[in-house]
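Residue-level listing of the chains:
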Amino acid sequence: MRAMRACQPTEDGFVERDGVKLHYEVFGAGEPTVLLLPTWSIIHSRHWKLQVPDLARRHRVVTFDGRGNGRSDRPVGAEAYRTSEFAADALAVMDATGTGRAVLVALSAGSFWALELGAFHPDRVAGIVFVGAALPLATLPEREVHSFTGRLDTTEGWAKFNQHYWRERYREFLEFFFAKVFSEPHSTKPIEDAVAWGLETDAETLIATQLARVRLGGPVSDPEAAADAARRLRCPVLVVHGDADAVRPHAAGATLAELSAGQLVTFEGSGHAPHVRDPVRFNLLLREFIASLGPPAARPASRRWTHALARRCPKALYVSSPIGLGHARRDVAIAKQLRGLRPELEIDWLAQDPVTRVLETEGERVHPASALLANESAHIESEATGHDLHAFQAIRRMDEILLSNFMVFHDAVADGGYDLVVGDEAWDVDRLLHENPELKRTAFTWMTDFVGWLPMPDGGDHEAAVTADYNAEMIEHIARFPRVRDRAIFVGNPEDVVPERFGPGLPAIRDWTAAHYDFCGYITGYDAAELADTEALRAGLGYRPGERVCLVTVGGSGVGGPLLRKVIAAFPLAKRAVPELRMIVVAGPRIDPASLPSSPGLEVRAFVPDLYRHLAACDLAVVQGGLATCMELTANRRPFLYFPLAHHFEQRFHVAWRLDRHRAGRRMDYETSDPDAIAAAIAAEIGRPVDYLPVETDGAARAARAIAELL
């Protein structure tokens, strides 16, 4: 499955050169143009996915798939993969896109083509950034001892870098090679990405590329030729190299910087692809280098800075997750309580649809940078198939979007003068601040209603290992950098934390959470007193005396269309069993009501901003399984049916545990529940007295008090 992209190209196409078609894409606008060169044909241009969105907010960006992978052709034979061919391809793409001159950014083998362009076409090159340069300016002894072409008597280690091994065990070679590329701990995701991209070409194509280096000479294999080309460079040069690079030695990058009179930036502890494993730091470095190539920025006529104690009022930036509307409602409730404690507090919201709809209704101030955020809800929708959403994998595949959004957050905080940041399941902010703790500028509160990634049983050993690795990384982050989270708040109580372990050899989730979080109790996001008079509430909503109202809603992410359709199909059957039944289907902000089937007597509504009032007044609700909606129904003591999404670890484990503890709701299985079964369940549950555990009503106030201490 291909994940949604954080940034879409403004132009894409093919250019053909000597019978080889090359696919290119263009993003953004602004000078100078940045050309992200292809690297070795083992992967295609998507390895730049964490750079493109940030660059494209300031510059015109051009990428293309190198011959041999992606959407470009795969010519046959070593001659087709000479360095001069890749360099000529780059010039052809520049010509096709109207790019006269560009800043080149090159990874690993891409350094060959960047070096040739800079040395022999200097008029087309404004500057070069070399990353993990693969130039033969230093050796990695363990790579040099094995023949590439001969059949070896071992397959251990770098002996796998052999044409016979590639032909016979290509995937195993990819797994070995990319484990070397990403030598940093917790690199499961980039390794999986790169292996998948490697499988988009084949062993024979890669063999041809390597034979071109072994047999055809030049800077790819001759140290003197490479050194001579490096000395010819006259443009500004930045060399980025990890000192833990297990593919190309750091000494190669250091030598390149010396020969080219360039700047060397060593990423300590980083491997061969720091732009992937350390993207925030790399992107900021790239911004700095590109800015240095242009004319000095015009200095403002005047500037103003206010002494800390003279500032008129404190400011907070609130980052609310768009994956479900429950975050928005509880965050608005907390904000109101915060203002009660600190009336002078100014709050800006960094948020996206559908959260912004709630915020606009409440009169909250949305930060203008919110318009730059890549859409997380749309990504989640794209990951769903029917009533199935593998939530953990969907979050993993959202890495490009999360990185892009963190860069927006970084800029907003850098320019905003904030005293506090609150992140409600703002995964990008929390994880990337822990990876870049030096970028923390202000007090930070982290909030969540679940702790711990949990594997789905059918994911087998692989998924169990990957979720444990993600948990282990998080635990290490908190232990190593406790200062990043000034306050961590669990929206719930200690008993609401699942009684599971983070993974083999890792702590129990409940014990670890108790040691690292404050508990505020659940936050319903509304004033319980406002809903106390149920009859008055029903009358205000237009409910008629004697009717039994069944409310069907699936939240704000847009994933619940299949469930809505199945419940709609059950309506006529349920109506026969319960003649006084009235069914109201709420499509939500991201599902078009017109896309749903109609049925006589059925009401289909779009986004309902006061949905919480309907949830408090209905006789029965049919919902998906998200925590916010289910807990609102629990707090209001309404019977409900809930259908957790398949493979959604949070709904199936974390939410289900909490609902079971509260003795709330009737869990239903989507796959085995046909319209007859749903109709029978509606008839059995509607209006049924419940014995749920009570839900606290002061959660927002408790959370606000904890947050206010940081001001």
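Preceding this section is the structure that the text describes.
All figures in this text were calculated on a predicted structure; none of them were measured in a lab. (Residues numbered from 1 in each chain as written. Predicted model: local features only at pLDDT ≥ 70, side-chain atom pairs only at ≥ 80, totals over all residues. Heavy atoms only, no water.)

Draft legend 1. Highlighting the sheet that holds strand β3 (residues 33–36). If you trace the eight strands from one edge of the open sheet to the other, you get β1-β2-β4-β3-β5-β6-β7-β8, paired in mixed fashion. Taken across any chain shown, the strands that pair with only one partner, and hence form the sheet edges, are β1 (11–17) and β8 (263–267). Going from strand to strand, the sheet's axes swing by 20° on average, the running direction of each strand aside. By the bridge criterion, four bridges tie β3 to strand β5 (residues 102–107) in an arrangement that is parallel. Within β5, the residue paired with Thr 33 across the bridge is Ala 102. (Pairing = 2+ DSSP bridges. Helix = DSSP H or I, 4+ residues; strand = E, 2+ residues; numbered from the N terminus. Axes fitted to C-alpha atoms, helices over the stretch in contact; angles between N-to-C directions.)

Draft legend 2. Fine view of the pattern of salt bridges. A complete count under the given rule lists 56 salt bridges for this structure. Among the salt bridges present, the one from Arg 124 reaches Asp 95, with a minimum N-O distance of 2.9 Å. Here Arg 124, found in the loop between α3 (110–120) and β6 (125–131), pairs with Asp 95, found in helix α2 (residues 83–96); they are 29 residues apart in sequence, far enough to count as distant. Judged by its relative accessible area of 51%, Asp 95 falls in the exposed class. (Salt bridge = Lys/Arg side-chain N within 4 Å of Asp/Glu carboxyl O. Buried < 20%, exposed > 50% of the residue type's maximum accessible area, 1.4 Å probe, protein only.)

Draft legend 3. Examining the packing of helix α17 (residues 399–416) against helix α18 (residues 427–435) more closely. Put simply, α17 and α18 touch, their axes get as near as 9 Å, and they point 80° apart. Considered as vectors, α17 and α18 are oriented roughly perpendicular to each other. Facing Leu 402, Leu 403, Asn 405, Phe 406 and Phe 409 of α17, the residues of α18 in contact are Trp 427, Asp 428, Val 429, Leu 432 and Leu 433. Broken down by class, the residue content of the contact of α17 with α18 amounts to eight nonpolar, one polar and one charged. (Parallel < 35°, antiparallel > 145°, perpendicular 65-115°, else oblique. Contact = heavy atoms within 4.5 Å. Nonpolar A, V, L, I, M, F, W, Y, C, P; charged D, E, K, R; others polar.)

Draft legend 4. A look at the pairing of strand β16 (residues 548–553). In terms of residue burial, β16 counts as a mostly covered element, since five of its six residues are buried. Taken together, the six bridges between β16 and strand β17 (residues 581–586) define a ladder with parallel strand orientation. When the bridges of β17 are listed, Thr 553 appears paired with Val 586. Pairing of β16 with strand β19 (residues 620–623), which is carried by four bridges, proceeds in the parallel orientation. Within β19, the residue paired with Thr 553 across the bridge is Val 623.

Draft legend 5. Seen up close, the packing of aromatic side chains. Counted by the stated rule, this structure contains 33 aromatic pairs. With a centroid separation of 6.3 Å and 40° between ring planes, the pair formed by Tyr 81 and Phe 86 is classed as tilted. Judged by relative accessible area, which is 3%, Tyr 81 ranks as buried. Owing to a relative accessible area of 2%, Phe 86 belongs among the buried residues under this scheme. Each ring, one from Trp 427 and one from Trp 446, has its centre 5.1 Å from the other, and the planes form 65°; the classification is edge-to-face. Note that Trp 427 is positioned in helix α18 and Trp 446 in strand β13 (residues 443–448), a separation of 19 residues in sequence. Exposure remark for Trp 427: the relative accessible area of 19% places this residue in the buried category. Under the relative-accessibility criterion, Trp 446 is labelled buried at 1%. Chaining the aromatic ring pairs together yields one cluster made of Trp 40, Phe 148, Trp 158, Phe 161, Trp 166, Phe 173, Phe 176, Phe 177 and Phe 178. (Phe/Tyr/Trp six-rings, centres within 6.5 Å; stacked < 30°, edge-to-face > 60°.)

Draft legend 6. Just the environment of Asn 493, in detail. Within the fold, Asn 493 resides in the loop between β14 (487–490) and α20 (509–516). Between the C-alpha atom of Asn 493 and that of Leu 373, which follows or precedes it by 120 residues, the distance is 32 Å. Engagement of the side chain of Asn 493 in a polar contact is seen with the side chain of Glu 696, the distance being 2.9 Å. (Polar contact = N/O pair within 3.5 Å; in protein donor to acceptor, adjacent residues only side chain to side chain.)

Draft legend 7. Spotlight on the nonpolar core. Counting residues in each nonpolar core, the largest one holds 74 residues, and the members touching the most others are Leu 37, Phe 130, Trp 166, Phe 173, Phe 177 and Phe 178. When near neighbours in sequence (up to four residues on either side) are disregarded, Phe 178 contacts Ile 42, Ile 43, Ile 191, Ala 194 and Val 195. Counting residues in hydrophobic clusters, the runner-up holds 63 residues, among them Val 332, Leu 531, Val 690 and Ala 700. (Core = buried A, V, L, I, M, F, W, Y, C linked by side-chain atoms within 4.5 Å.)

Draft legend 8. Representation of the packing of helix α6 (residues 170–181) against helix α7 (residues 188–198) within the structure. The contact between α6 and α7 brings their axes to 9 Å, and the two run at 140°. In terms of orientation, α6 and α7 fall into the oblique class. Considering how the two elements wind past one another, α6 and α7 form a crossing that is right-handed. Listed contacts from α7 to Tyr 170, Arg 171, Leu 174, Glu 175, Phe 178 and Ala 179 of α6 are Ile 191, Ala 194, Val 195 and Gly 198. (Left-handed = near helix turned anticlockwise from the far one by under 90°.)

Draft legend 9. Region of the structure containing the sheet that holds β17. Taken in spatial order, the six strands of this open sheet run β18-β17-β16-β19-β20-β21, and their pairing is parallel. Only two strands of the sheet have a single neighbouring strand rather than two, namely β18 (603–605) and β21 (666–667). Relative to β18, β17 is paired through three bridges, and the arrangement is parallel. Bridging from a neighbouring strand, Val 585 pairs with Val 604 of β18. The strands that helix α26 (residues 675–685) touches are β16, β17, β19, β20 (640–642) and β21; relative to β20, the one it contacts most, it runs at about 150°.

Draft legend 10. Molecular detail of helix α24 (residues 627–635). By the criterion of burial, α24 is predominantly enclosed, with eight of the nine residues buried. Buried residues belonging to α24 abut α13 (326–341), β16, α23 (611–617), β19, β20 and α25 (649–661). Directly beyond the C-terminal end of α24, a positive phi value near 60° is found at Arg 637.

Draft legend 11. Structural view of the environment of Ser 321. Along the chain, Ser 321 turns up in the loop between β9 (315–320) and α13. Note on Ser 321: relative accessible area 4%, which makes it buried. The sequence separation of Ser 321 and Asp 428 amounts to 107 residues, and the corresponding C-alpha distance is 10.0 Å. Excluding its chain neighbours within four sequence positions, the residues that come into contact with Ser 321 are His 327, Val 355, Asp 424 and Glu 425.

Draft legend 12. Spatial organisation of the side chain of Thr 97. Tracing the backbone shows Thr 97 in the loop between α2 and β5. The exposure class assigned to Thr 97 is buried, which follows from its relative accessible area of 7%. Of the polar contacts made by the side chain of Thr 97, one reaches the backbone oxygen of Met 94; its length is 3.2 Å. Engagement of the side chain of Thr 97 in a polar contact is seen with the side chain of Thr 99, the distance being 2.9 Å. Once residues lying within four places of it in the same chain are set aside, the contact partners of Thr 97 are Tyr 24, Val 26, Arg 60 and Val 62.

Draft legend 13. Inspection of unusual backbone geometry at higher detail. The step from Glu 31 to Pro 32 runs through a cis peptide bond, and the omega angle for that step is 0°. Pro 354 follows Asp 353 through a cis peptide bond whose omega is 10°. The phi dihedral of Ser 108 falls on the positive side, at around 50°, and the residue is not glycine. Assignment of secondary structure puts Ser 108 in the loop between β5 and α3. Ser 108 sits in the buried class, given a relative accessible area of 11%. If you check the backbone angles, Arg 637 has positive phi at about 60° while not being a glycine. With respect to the helices and strands, the residue Arg 637 is situated in the loop between α24 and β20.

Draft legend 14. Summary view of the pairing of strand β2 (residues 20–27). Of all eight residues that make up β2, seven are buried, and the element is covered over most of its length. Across seven bridges, β1 lies against β2 in antiparallel orientation. Paired with Arg 17 across the two strands is Val 20, which belongs to β2. Connecting β1 to the antiparallel partner β2 that follows it, the hairpin turn spans two residues, and Asp 18 within it adopts a positive phi of roughly 50°. Judged from the four bridges that link them, β2 and strand β4 (residues 61–64) form a sheet pairing that is antiparallel.

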